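Chains, contacts and geometry: an overview
The chain contents come next:
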Amino acid sequence: MAKKVAFMQGNEAAAHGALYAGCNFFGGYPITPSTEVSEVLSIELPKVGGKFIQMEDEIGAMAACLGASLTGAKALTSTSGPGLSLKQELIGYGCIAEIPCVVFNVMRGGPSTGMPTGPSQSDVMCAKWGTHGDHATIALMPASVQECYDMVAEAFSLAEKYRMPVHVLPDEIIAHMRERIEFREPGEIEITPRKAPTVPPEQYKPYDTSFGDVPPLANFGSGYRYHVTGLNKMQDGFPTTKAEIVQAEEERQVRKVDACIDDIVTFEEYMLDDAEVVVVAYGSTSRSARYAVNAAREQGINAGMFRIKTFWPFPDKQIKALAAKVKGFIIPEMNLGMCSIELERCAQGKIPVLGIFRVDGEPINPEQIVEKIKEVK
Amino acid sequence: MAFDYEKYLRPGKLPHIWCPGCGHGIVMKGLIRAMDTLKLDMKNTAIVSGIGCASRLPGYIDCCTLHTAHGRAAAFATGVKMAKPEMNVILCGGDGDGTAIGGNHFIHACRRNIDMTYIIMNNYIYGMTGGQFSPCTPTGHKASTTPYGNPDPGFDIAKLAIGAGATFVARGTAFHANQIDKLIAEAIQHKGFSVVEILDDCPTTYGRRNKYKSVIEMMNRLKEVAVPVKAAEKMTAEQLKGKVLTGVLYKDDTKSDYTTEYAKVIERAQAK
Ligand SMILES: Cc1ncc(C[n+]2csc(CCOP(=O)(O)OP(=O)(O)O)c2C)c(N)n1
Ligand code: SF4
């Protein structure tokens with residue numbers, strides 16, 4: 001049978017990717033340029049018996065998703081910059097209480113109201129560090145409409161697998177452009193279900209590390225009674241201030257992702273075999289970068305591209321290996337040098353990191369990148 | 001026979017964190033008796049709270065309990081109820097949690113008329129953080145941040161709830177402990193968003209500053225100001241001055257609740 005194909009926007013594709021993954025709860029608050037996600041899901045979710053709710057603000061939307069997820073729902077929220085700022089306290093709640101959900105944040109200009117319809121990539125640090133306290137972060141970076149679909153579906157699996165909120169961070173260009181996409185067949189993208197408890201209710205502890213760094217999560221209303229809090233907690237879910245428990249639990253919540261970094265991190269290598277200059281790019285900027293690499297090669301420069309698909313955890317290992325091998329990194333990004341900080345950290349001064357930073361609401365064009373490539377000696 | 005509270009409490013989680021003389025424990029006992037009256041299935045019951053002394057209540061009760069972030073109980077609970085409408089969902093918290101930082105979620109839960117019961121413990125103060133004034137602190141009263149007397153007017157929680165669309169609103173006091181379970185039980189049975197405000201006391205951070213010499217004096221004040229709605233009908237405006245009405249203040253059984261309405265949305269979507 002021929003695959004179902006469609007011509008649609010990144011935001012619409014994200015909604016369909018969510019449905020593919022079994023999303024059955026959406027809590028949101030309208031904000032440009034992400035609103036189409038909620039519009040599509042307001043139509044589609046009730047058709048499959050799912051629930052759509054427009055909350056009174058983004059904080060409420062995040063809260064509703066976390067509450068729904070505790071009952072076993074696969075919950076999605078979508079937003080953009082100002083909304084991401086508002087969600088932060090409860091993203092932290094999701095991290096410490098270890099509640100799966102997906103946050104689809106379309107990056108627009110900022111800070112504050114900034115440029116509501118202008119593209120940007122300036123939320124990458126907000127996704128990582130926006131909520132206070134130490135915590136793990138997973139953030140995926142789609143660079144096409146198809147990847148909006150695929151990555152949202154994958155984000156649901158990552159959320160369940162690591163029991164935490166997972167970000168998908170398209171820039172406004174990716175979210176609003178239209179491309180041909182394929183709807184995935186069942187089984188084509190792995191859908192990880194929630195790890196359910198294997199012990200009877202009397203023995204269940206929501207943070208029981210004898211089951212590993214990601215303990216099973218029982219659904220509210222499934223016969224298991226337990227306590228959830230945003231305070232530092234013990235394995236049974238109740239608050240504690242005992243130094244050794246707090247330290248161990250905090251470390252576990254970061255380690256559960258760090259230790260699996262090789263399973264989580266995805267990237268694309270383009271013409272890297274003989275590359276001397278590597279453009280590190282993500283999101284829509286990588287599309288210009290690909291074009292620029294081709295153009296540079298036509299001019300006899302051995303350029304290549306490393307495309308970041310998983311922004312958090314950052315692909316340290318791969319970037320460090322490249323830094324030991326090539327003459328320089330070019331980093332084009334629609335912010336004033338956020339990924340650049342990570343590249344500098346990985347390059348450790350061994351090679352130059354040349355940035356092209358645009359925050360004027362215009363995309364970075366290939367010519368700009370080619371010019372920068374030529375600067376690497 | 002004495003009522004067996006322990007059946008509903010989590011083993012090993014007492015003593016509670018509340019100060020001697022704090023009214024929150026009286027409210028918890030009332031809630032437990034209400035749960036017992038209704039024979040609520042604890043596996044299928046969620047208690048959701050925010051942050052504050054009052055919001056510590058769920059941890060002691062042996063059901064699905066969710067101690068969320070400051071002010072966010074109603075929004076978390078809305079997610080729980082929407083996703084699993086068959087669950088009994090009860091919210092609780094303090095006046096600060098519910099009417100200041102959580103005020104927006106509170107009024108929207110009322111407006112949606114989502115079938116949950118909200119027990120709001122009004123001790124007129126932010127207890128947990130040491131007695132700063134809340135939106136319910138009466139004008140002129142002292143708090144750690146109103147050293148010259150509170151310039152703000154206070155909220156009437158019940159009026160706020162009625163105005164926002166709640167379909168069951170009741171008020172009790174920590175002094176009238178035997179009424180609390182009846183009000184809560186009636187609220188839980190009501191289909192729609194129900195609010196039970198319990199006038200409460202915080203001897204530690206409010207009583208002390210406002211010249212109450214003892215918990216007994218604070219309780220006596222609750223006794224003196226409370227007037228049951230029935231009795232109030234026969235009183236003059238002059239007699240009612242400075243009094244607070246208690247009992248079931250408002251009830252509307254004609255409005256449909258939110259998850260019922262959303263079930264109709266699902267039906268319409270699937271009929272297409
Ligand atoms: C976002 C946020 N802001 C502030 C606080 C600090 N805080 C904790 S409890 C509380 C007030 C609690 O007062 P109330 O809800 O009236 O409950 P009570 O302690 O009196 O029972 C405040 C301001 C917090 N925990 N989170
Ligand atoms: S500080 Fe006040 S509200 Fe908190 S436990 Fe003590 S008496 Fe109760």
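Residues numbered from 1 in each chain as written. Chains lettered and ligands numbered in written order. Predicted model: local features only at pLDDT ≥ 70, side-chain atom pairs only at ≥ 80, totals over all residues. Heavy atoms only, no water.

The next thing to look at is the overall build of chain A. Scanning chain A from N- to C-terminus turns up 13 helices and 17 strands. In terms of C-alpha radius of gyration, chain A reaches 21 Å, essentially the compact-globule figure of 21 Å for 377 residues. Taken along the three principal axes of its C-alpha coordinates, chain A extends 70 × 50 × 45 Å. Counting all 377 residues of chain A, 62% fall into the buried class. The contacts of chain A with a sequence gap of at least 6 include a subset with a gap of at least 24, amounting to 76%. Accessible area for chain A stands at about 13800 Å²; split by element, carbon and sulfur atoms hold 53% of it. Looking at chain A, you have 37 positive and 48 negative side-chain charges, and the mean spots of the two groups are 3 Å apart. (Helix = DSSP H or I, 4+ residues; strand = E, 2+ residues; numbered from the N terminus. Rg over C-alpha atoms; globule rule 2.2 N^0.38 Å. Buried < 20%, exposed > 50% of the residue type's maximum accessible area, 1.4 Å probe, protein only. Contact = heavy atoms within 4.5 Å. Areas by Shrake-Rupley, 256 points an atom, 1.4 Å probe, with all protein chains shown as cover. Lys, Arg positive; Asp, Glu negative; His and termini not counted. Charge placed at Lys NZ, Arg CZ, Asp CG, Glu CD.)

A word on the site of ligand 1. All names here are of chain B. In the region of ligand 1, 18 residues are neighbours, and His24, Cys53, Gly96, Asp97 and Gly127 sit closest. Cys53 is positioned such that a nitrogen or oxygen atom in its backbone is 2.8 Å from an oxygen atom of ligand 1. At a separation of 2.9 Å, an oxygen atom of ligand 1 approaches a polar backbone atom of Met128. Those elements that provide at least two residues to the shell around ligand 1 are α3 (95-101) and β5 (125-126). Broken down by element, the shell around ligand 1 gets its largest block of residues, 4 residues, from α3. Of the residues in the shell around ligand 1, the class split is 7 nonpolar, 8 polar and 3 charged. (Near = heavy atom within 4 Å. Polar contact = N/O pair within 3.5 Å; in protein donor to acceptor, adjacent residues only side chain to side chain. Nonpolar A, V, L, I, M, F, W, Y, C, P; charged D, E, K, R; others polar.)

Looking now at the site of ligand 2. Residues and elements named next belong to chain B. Neighbouring ligand 2 are Trp18, Cys19, Cys22, His24, Cys53, Asn123, Gly127, Cys202, Pro203, Thr204 and Thr205. In terms of residues, the shell around ligand 2 owes the most to one element, helix α7 (residues 203-207), which gives 3 residues. Class assignment for the residues of the shell around ligand 2 results in 6 nonpolar, 5 polar and no charged.

Right, let's talk about a nonpolar patch on the surface for a bit. Residues and elements named next belong to chain A. On the surface, a cluster of nonpolar side chains totalling about 290 Å² of accessible area is made up of Leu336, Phe357 and Val359. Topologically, Phe357 is positioned in strand β17 (residues 353-357). Look at Phe357 and you get partly exposed, because its relative accessible area is 34%. (Patch = residues over 30% accessible without salt bridge, like charges linked within 9 Å, V, L, I, M, F, W, Y side chains within 5 Å. Salt bridge = Lys/Arg side-chain N within 4 Å of Asp/Glu carboxyl O.)

The next thing to look at is the sheet that holds strand β4 (residues 117-122) of chain B. Read across the open sheet, the 9 strands follow the order β11(A)-β2(B)-β1(B)-β3(B)-β4(B)-β8(B)-β7(B)-β10(B)-β9(B); overall the sheet is mixed. Either end of the sheet is taken by a strand with one partner, and the two such strands are β11 (227-229) of chain A together with β9 (226-228) of chain B. Sheet twist, expressed as the average angle between the axes of neighbouring strands with direction ignored, equals 20°. With 4 bridges connecting them, strand β1 (residues 45-49) of chain B and strand β2 (residues 64-67) of chain B associate as parallel partners. When the sheet's bridge partners are listed, Ala46 of chain B is paired in β2 of chain B with Cys64 of chain B. Across the sheet, helix α6 (residues 177-189) of chain B touches β3 (88-94), β4, β7 (168-173), β8 (194-199) and β10 (244-251) of chain B, and the angle it forms with β7 of chain B is around 165°. (Pairing = 2+ DSSP bridges. Axes fitted to C-alpha atoms, helices over the stretch in contact; angles between N-to-C directions.)

This part is about the packing of aromatic side chains. All names here are of chain A. Summed over the entire model, instances satisfying the criterion amount to 17 aromatic pairs over all chains. Clustering of aromatic rings is evident, with ring pairs tying together Tyr204, Phe220, Tyr224 and Tyr226. The ring of Phe183 has Lys4 sitting right over it, with the charged end atom 4.3 Å from the ring centre. Looking at Lys233, its charged tip hangs above the ring of Tyr207, at a distance of 4.2 Å from the centre. (Phe/Tyr/Trp six-rings, centres within 6.5 Å; stacked < 30°, edge-to-face > 60°. Lys NZ or Arg CZ within 6 Å of the ring centre and 35° of its normal.)

This part covers the pairing of β4 of chain B. Residues and elements named next belong to chain B. β4 sits mainly inside the fold: 6 of its 6 residues count as buried. Residues Thr117, Ile119 and Met121 point to one face of β4 and Tyr118, Ile120 and Asn122 to the other, with burial holding for every one of them. Two strands pair when backbone bridges link them, and β3 and β4 are joined in this way by 5 bridges, in the parallel orientation. Bridging across to β4, Cys92 finds its partner in Ile119. As paired strands, β4 and β8 are joined by 6 bridges and run parallel to one another. The residue of β8 that forms the bridge with Thr117 is Ser194.

Before going further, it helps to spend a moment on the packing of helix α1 (residues 10-20) of chain A against helix α2 (residues 35-47) of chain A. Residue and element names in this part refer to chain A. Viewed as axis vectors pointing N to C, α1 and α2 meet at an angle of 40°, and their least axial separation amounts to 8 Å. Comparing their axes, α2 and α1 come out oblique. Of the two possible hands of crossing, α1 and α2 adopt the one that is right-handed. Mapping the contact onto sequence places Asn11, Glu12, Ala15, His16 and Leu19 in α1 and Glu36, Val37, Val40, Leu41, Glu44 and Leu45 in α2. (Parallel < 35°, antiparallel > 145°, perpendicular 65-115°, else oblique. Left-handed = near helix turned anticlockwise from the far one by under 90°.)

In terms of nonpolar packing, the biggest core is built from 110 residues, with Phe25, Leu76 and Val228 of chain A together with Phe193 of chain B touching the most fellow members. Shared between two domains, this core takes at least three residues from each, and those domains are domain 1 (5-182) and domain 2 (201-262) of chain A. Counting 33 residues, the second-largest nonpolar core is a separate cluster that includes Ile47, Ala54, Met121 and Val196 of chain B. (Core = buried A, V, L, I, M, F, W, Y, C linked by side-chain atoms within 4.5 Å. Domains from an automatic or database assignment.)

A separate point is the side chain of Ser69 of chain A. Turning to its location among the elements, Ser69 of chain A is positioned in helix α3 (residues 58-70). Sequence-distant contacts of Ser69 of chain A, that is, excluding residues within four places in its chain, are made with Ile99, Pro100 and Arg194 of chain A.

Attention shifts here to the domain arrangement of chain A. Residue and element names in this part refer to chain A. Structurally, chain A comprises domain 1 (5-182), domain 2 (201-262) and domain 3 (265-376). For domain 1 and domain 3, the distance between their C-alpha centres works out to 26 Å. Across the contact, 23 residues belong to domain 1 and 24 residues belong to domain 3. Roughly 1900 Å² is buried in total at the junction of domain 1 and domain 3, and carbon and sulfur atoms are behind 63% of that figure. Considering only the side of domain 1, the residues that lose the most area to domain 3 are Gln121, Met125 and Met141, jointly responsible for 32% of the buried surface there. Linking domain 1 to domain 3 there are 3 salt bridges. Arg307 is the partner of Glu147 in a salt bridge, and the nearest nitrogen-oxygen pair spans 2.8 Å. Counting across the domain 1 and domain 3 interface gives 12 residue pairs in polar contact (both at pLDDT 80 or more). Those elements giving two or more residues to the side of domain 1 that touches domain 3 turn out to be β7 (115-119), α5 (124-129), β8 (139-140), α6 (145-162) and α7 (172-176). Here the element with the most residues in the side of domain 1 that touches domain 3 is α5; it accounts for 3 residues. (Buried area = accessible area lost by both parts, 1.4 Å probe.)

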